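Each chain is listed here by its residues.
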Amino acid sequence: AEKPIPGGKEVLVEFEDGIAWVQLNRPAKRNAMSVGLAREMNEVLDALETDDRCGVVVLTGVGEAFSAGMDLKDFFRATDGLSDIERHRAYRSTRAWQWRTLMHYAKPTIAMVNGWCFGGAFTPLICCDLAVTDEKAVFGLSEINWGVIPGGVVSKAISTVMGDRQALYYVMSGEKFDGAKAVALGLANEAVPKEQLRARTAEIARTLLGKNPTVLRQARMAYKYAREMTWEQASEYLTAKVDQTNFVDPERGKEQGLKQFLDEKSFRPGLGNYVR
Ligand code: ACO
């Protein structure tokens, strides 16, 4: 029997040819992220990791928003009244999916920013491997505008993709910016017109689906871990990771690539993928 589709309440999942479209589904609240949404998202991401219908995750929003950030009512005001332990548990659910899980997810992830993207939404945006945005989407580190600092892990997350001058400008001014600017700032790979957003995102996803999935996973992980290391550590770790990747790859990709290039002369690695 086919597995049930995960989510269904504040997170919707649609499968399409290896792509799992994971949608924040609180459009009436501009997909502001509640505690319930976090709990459901943890279940969804956990389920998709071992679901063969999912080769790539696309994270996006239903309606006119990607996400208007943390839900100021349900995540902040409501949890302020809880016991310290209950509040810790609520915060932990959010941390889990927004960065811990996404950053080291076993499958490639693409954020598709379809509209409003504020504050806490920057964390899952940045922790997806890639991001494509509607050129007219509106972004903002709006925390300062309502009297808080970019908390959660937002200040840390933005420092991994934005330069200090740019990050501090938006942290301090709370000024909004559009999708084209988000690309210039390093927050997204590409900005496209709204009508091309889904097709372009699917095209990138299909490119990823064409790659050796074991090597793709190891390449993403290696990059993310190596950037935290010294040169000495990274060099040693990455050399070992090449061997480990070869060892765990059921497809024996490296052997295939070498054979097709060196012996058969049937492809050029600089110009495309080996035949799988
Ligand atoms: N938290 C809680 N509720 C929210 C949030 C949010 N972050 N964003 C929107 N909503 C709710 C509104 O309260 C409103 O609810 P109601 O219909 O029950 O009154 C509904 O969503 C629609 O919001 P509007 O403001 O009417 O929608 P509009 O399309 O005019 O504006 C916009 C959209 C610009 C996104 C606006 O809602 C907004 O500024 N939201 C807050 C953005 C923000 O600064 N988020 C916090 C970032 S900081 C952090 O995440 C830690």
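The notes below deal with the structure included here. Being a predicted model, the structure only gives us computed values, none of them experimental.

Observations regarding the environment of Trp146
Within the secondary structure, Trp146 sits in the loop between β8 (138–140) and α5 (154–161). Sequence separation of Trp146 and Glu255 is 109 residues, and the distance between their C-alpha atoms is 56 Å. Trp146 has contacts with Leu72 and Phe76, leaving out every residue within four places of it along the chain.

Here we look at the packing of aromatic side chains
Applying the stated criterion across every chain yields a total of ten aromatic pairs. Arranged with centres 5.2 Å apart and planes meeting at 85°, the rings of Phe75 and Phe76 form a pair that is edge-to-face. Plain terms: the ring middles of Phe122 and Phe139 are 6.3 Å apart, the flat faces sit at 85° to each other, and that makes the pair edge-to-face. Here the residue Phe122 occupies a position in helix α4 (residues 122–127), and Phe139 occupies one in strand β8, the gap between them amounting to 17 residues.

Some words on the side chain of Lys241
Among the secondary structure elements, Lys241 is positioned in helix α10 (residues 231–248). In this structure, Lys241 is buried with no salt-bridge partner, the nearest side chain bearing the opposite charge being Asp243 at 12 Å. One polar contact links Lys241 to Gln218, side chain to side chain, over a distance of 3.1 Å. The contact partners of Lys241, leaving out residues within four places of it in the chain, are Gln218 and Ala222.

Topic: the pattern of salt bridges
The full count for this structure, using the stated rule, is 17 salt bridges. Taking the shortest distance from any N to any O, the salt bridge between Arg200 and Glu203 comes out at 2.7 Å. You can see Arg200 and its partner Glu203 sitting in helix α8 (residues 194–209), three residues apart, about one turn around the helix. Assessed through its relative accessible area of 25%, Arg200 is described here as partly exposed. Classification of Glu203 as partly exposed rests on a relative accessible area of 40%. Each of Glu2, Asp51 and Arg53 takes part in salt bridges that share partners, so that together they form one network.

A few points about unusual backbone geometry
The phi angle at Asp17 is positive, at roughly 50°, despite the residue not being glycine. Note on placement: Asp17 falls in the loop between β1 (11–16) and β2 (19–24). Given a relative accessible area of 72%, Asp17 falls into the exposed group. Positive phi is not limited to glycine here, since Arg30 has a value of about 55°. Structurally, Arg30 is set in the loop between β2 and α1 (35–49).

Remarks on the sheet that holds strand β9 (residues 176–178)
Strand order in the open sheet formed by four strands is β4-β6-β8-β9, with mixed pairing between adjacent strands. The two strands at the open ends of the sheet, each matched to only one other strand, are β4 (65–67) and β9. Averaged over neighbouring strand pairs, the angle between their axes works out to 20° when direction is ignored. Note: β8 against β9, three bridges, orientation antiparallel. Residue Val138 lies in a different strand from β9, and its bridge partner there is Asp178.

Thoughts on the nonpolar core
Core analysis: the largest hydrophobic core is formed by 48 residues, its most contacted members being Val22, Trp97 and Phe122. Among the nonpolar cores identified, the runner-up in size contains 14 residues, and Trp21, Val192, Ile204 and Leu216 belong to it.

The rules behind the values
Residues numbered from 1 in each chain as written. Predicted model: local features only at pLDDT ≥ 70, side-chain atom pairs only at ≥ 80, totals over all residues. Heavy atoms only, no water. Helix = DSSP H or I, 4+ residues; strand = E, 2+ residues; numbered from the N terminus. Contact = heavy atoms within 4.5 Å. Phe/Tyr/Trp six-rings, centres within 6.5 Å; stacked < 30°, edge-to-face > 60°. Buried < 20%, exposed > 50% of the residue type's maximum accessible area, 1.4 Å probe, protein only. Lys, Arg positive; Asp, Glu negative; His and termini not counted. Salt bridge = Lys/Arg side-chain N within 4 Å of Asp/Glu carboxyl O. Polar contact = N/O pair within 3.5 Å; in protein donor to acceptor, adjacent residues only side chain to side chain. Pairing = 2+ DSSP bridges. Axes fitted to C-alpha atoms, helices over the stretch in contact; angles between N-to-C directions. Core = buried A, V, L, I, M, F, W, Y, C linked by side-chain atoms within 4.5 Å.

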